[in-house]
Amino acid sequence: MHAGGSGQKQFTTFATHTAGLYQQVPVIAGSRVSFSIWVYVWSSSKDGFDRSKDAGDYRVSVGVDPFGGTSGGASEVVWSRWVQKYDGWVKLRVDGVARGEEVTVFTRGQNAWRVKHNDSYWD
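Residues numbered from 1 in each chain as written. Predicted model: local features only at pLDDT ≥ 70, side-chain atom pairs only at ≥ 80, totals over all residues. Heavy atoms only, no water.

Novice: Tell me about the pattern of salt bridges, and please be specific about residues and values.
Specialist: Under the defined criterion, the tally for this structure stands at three salt bridges. We note a salt bridge from Lys 9 to Asp 119, for which the minimum N-O separation is 3.9 Å. Residue Lys 9 is located in strand E1 (residues 8–12), and its partner Asp 119 is located in strand E9 (residues 117–122); the two are separated by 110 residues in the primary sequence. For Lys 9, a relative accessible area of 39% puts it in the partly exposed group. For Asp 119, a relative accessible area of 3% puts it in the buried group. Linking Asp 47 and Lys 116 is a salt bridge whose minimum nitrogen-to-oxygen distance equals 3.0 Å. Placement of Asp 47 in the loop between strand E4 (32–44) and strand E5 (59–65) and of Lys 116 in the loop between strand E8 (102–110) and E9 is noted, with a sequence separation of 69 residues between them. In this structure Lys 116 comes out as partly exposed when scored by relative accessible area, which is 26%. (Salt bridge = Lys/Arg side-chain N within 4 Å of Asp/Glu carboxyl O. Helix = DSSP H or I, 4+ residues; strand = E, 2+ residues; numbered from the N terminus. Buried < 20%, exposed > 50% of the residue type's maximum accessible area, 1.4 Å probe, protein only.)

Novice: Before we move on, could you go through the nonpolar core and cite the residues and values that matter?
Specialist: Side chains of a nonpolar character, in soluble globular proteins, are inclined to be buried together. Ranked by internal contacts, the top residues of the largest apolar core, which has 17 residues, are Phe 35, Val 39, Val 60, Val 62, Val 64, Leu 92 and Trp 122. The set of elements that each furnish at least two residues to this core consists of E4, E5, strand E7 (89–97) and E8. Ranked by residues supplied to this core, first place goes to E4 with five residues. When near neighbours in sequence (up to four residues on either side) are disregarded, Val 39 contacts Val 60, Gly 88, Trp 89, Val 90, Leu 92, Ser 120, Tyr 121 and Trp 122. (Core = buried A, V, L, I, M, F, W, Y, C linked by side-chain atoms within 4.5 Å. Contact = heavy atoms within 4.5 Å.)

Novice: Residue-level account of the packing of aromatic side chains, with values.
Specialist: For any pair of aromatic rings, the description consists of the separation of the ring centres together with the inter-plane angle of the planes. Here the structure, examined in full by the defined rule, presents four aromatic pairs. Both rings, one in Tyr 40 and one in Tyr 121, keep their centres 6.3 Å apart while their planes meet at 70°; by these two values the pair is edge-to-face. Within this pair, whereas Tyr 40 is found in strand E4, its partner Tyr 121 is found in strand E9, the two being separated by 81 residues in sequence. By relative accessible area, which is 11% here, Tyr 40 ends up buried. Aromatic side chains Trp 79 and Phe 106 sit 5.9 Å apart centroid to centroid with 45° between the ring planes, which places their arrangement in the tilted category. Residue Trp 79 is found in strand E6 (residues 78–79), and its partner Phe 106 is found in strand E8; the two are separated by 27 residues along the sequence. Ring pairs connect the aromatic residues Tyr 22, Trp 79 and Phe 106, which therefore count as one cluster. If you follow Arg 59 out to its NZ or CZ, it ends over the ring of Trp 82, 3.9 Å from the centre. (Phe/Tyr/Trp six-rings, centres within 6.5 Å; stacked < 30°, edge-to-face > 60°. Lys NZ or Arg CZ within 6 Å of the ring centre and 35° of its normal.)

Novice: Would you mind going over the environment of Gln 10 in detail, with residue names and values included?
Specialist: Within the secondary structure, Gln 10 sits in strand E1. Under the relative-accessibility criterion, Gln 10 is labelled buried at 6%. In this structure, the C-alpha to C-alpha distance between Gln 10 and Gly 109, residues 99 residues apart in sequence, is 7.9 Å. Those residues in contact with Gln 10, other than ones at most four positions away along the chain, are Ala 19, Gly 20, Leu 21, Tyr 58, Thr 107, Gly 109, Asn 118, Asp 119, Ser 120 and Trp 122.

So this is what it looks like as structure tokens:
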């Protein structure tokens, strides 16, 4: 955990994935919105948790759908740039303008290669 008592882990073992979470949030239409979250990535062919070795090209980003849709693949979703950082917490952020009375925020983790550990921890 980065802080607090709970978070979310996404992972595969010797496999690739595109994984994420979403949450719909009530807002005032036309308001500026910002979503940020901490993420830690461990991508490694070895078991030493404190250091990624021979990583699986794991990258992460966050998004916001200003219309409140629930598909991360929708063209309306505004995504942050991809970030690839291993073995340390990084804060991701995306901004937008609400087009309705609800927005949806997304997390996304994706790896290109199958290695033993392709894990992301979200807080």
